Amino acid sequence: MMIRIFLSLIMALSAYSAQKSQDIEIPRTAYKDIYKYYLLEVGKQATVNYVVLRRQSFDTILYIKAEINCPSRYFRQIGYNAKSARNIPANNLTEWYQPAIGTIESDIVSYVCR
């Protein structure tokens, strides 16, 4: 009886944690890339979308903030941090550019602006 209760509790907790940690993986066109990119947050103000991403490989994680102008399909990176998404400073603000087809930036723009 105690074992059934214990197993039920473990299953309930694992189901709850699985629902809390689901991030959206961005589909890639370049399948040879070792990194996987996950969309953590999306916000919109006028025509500009703000995104927070997690770039993950087998041994590293990097959190990235970026802006996307959907009508023009332009992209720029705001900043990044290896520790957490909350600690991303606006230290690496790049110029707006239109990403080349097949790059991760192009895949992000295509996914967010669909």
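None of these values were measured; they are calculated from a predicted model. (Residues numbered from 1 in each chain as written. Predicted model: local features only at pLDDT ≥ 70, side-chain atom pairs only at ≥ 80, totals over all residues. Heavy atoms only, no water.)

This part covers unusual backbone geometry. One non-glycine residue, Ala 46, lies in the positive phi region at around 60 degrees. For Ala 46, the location among the structural elements is in the loop between strand 2 (36-45) and strand 3 (48-56). With phi around 60 degrees, Arg 73 is a residue other than glycine that occupies positive phi space. With respect to the secondary-structure elements, Arg 73 resides in the loop between strand 4 (61-69) and strand 5 (74-81). You can call Arg 73 partly exposed: its relative accessible area is 33%. (Helix = DSSP H or I, 4+ residues; strand = E, 2+ residues; numbered from the N terminus. Buried < 20%, exposed > 50% of the residue type's maximum accessible area, 1.4 Å probe, protein only.)

Right, let's get into the packing of aromatic side chains. Geometrically, a pair of aromatic rings is defined through the distance of the ring centres and the angle of the planes. In the structure shown here, the tally under the stated rule is 1 aromatic pair. Relative to Tyr 97, the ring of Phe 75 lies with its centre 5.9 Å away and its plane at 70 degrees, an arrangement referred to as edge-to-face. Note that Phe 75 is positioned in strand 5 and Tyr 97 in the loop between strand 5 and helix 2 (104-112), a separation of 22 residues in sequence. Residue Phe 75 is classed as buried on the basis of its relative accessible area of 3%. Above the ring of Tyr 111, the side-chain terminus of Arg 114 is found at 4.0 Å from the ring centroid. (Phe/Tyr/Trp six-rings, centres within 6.5 Å; stacked < 30°, edge-to-face > 60°. Lys NZ or Arg CZ within 6 Å of the ring centre and 35° of its normal.)

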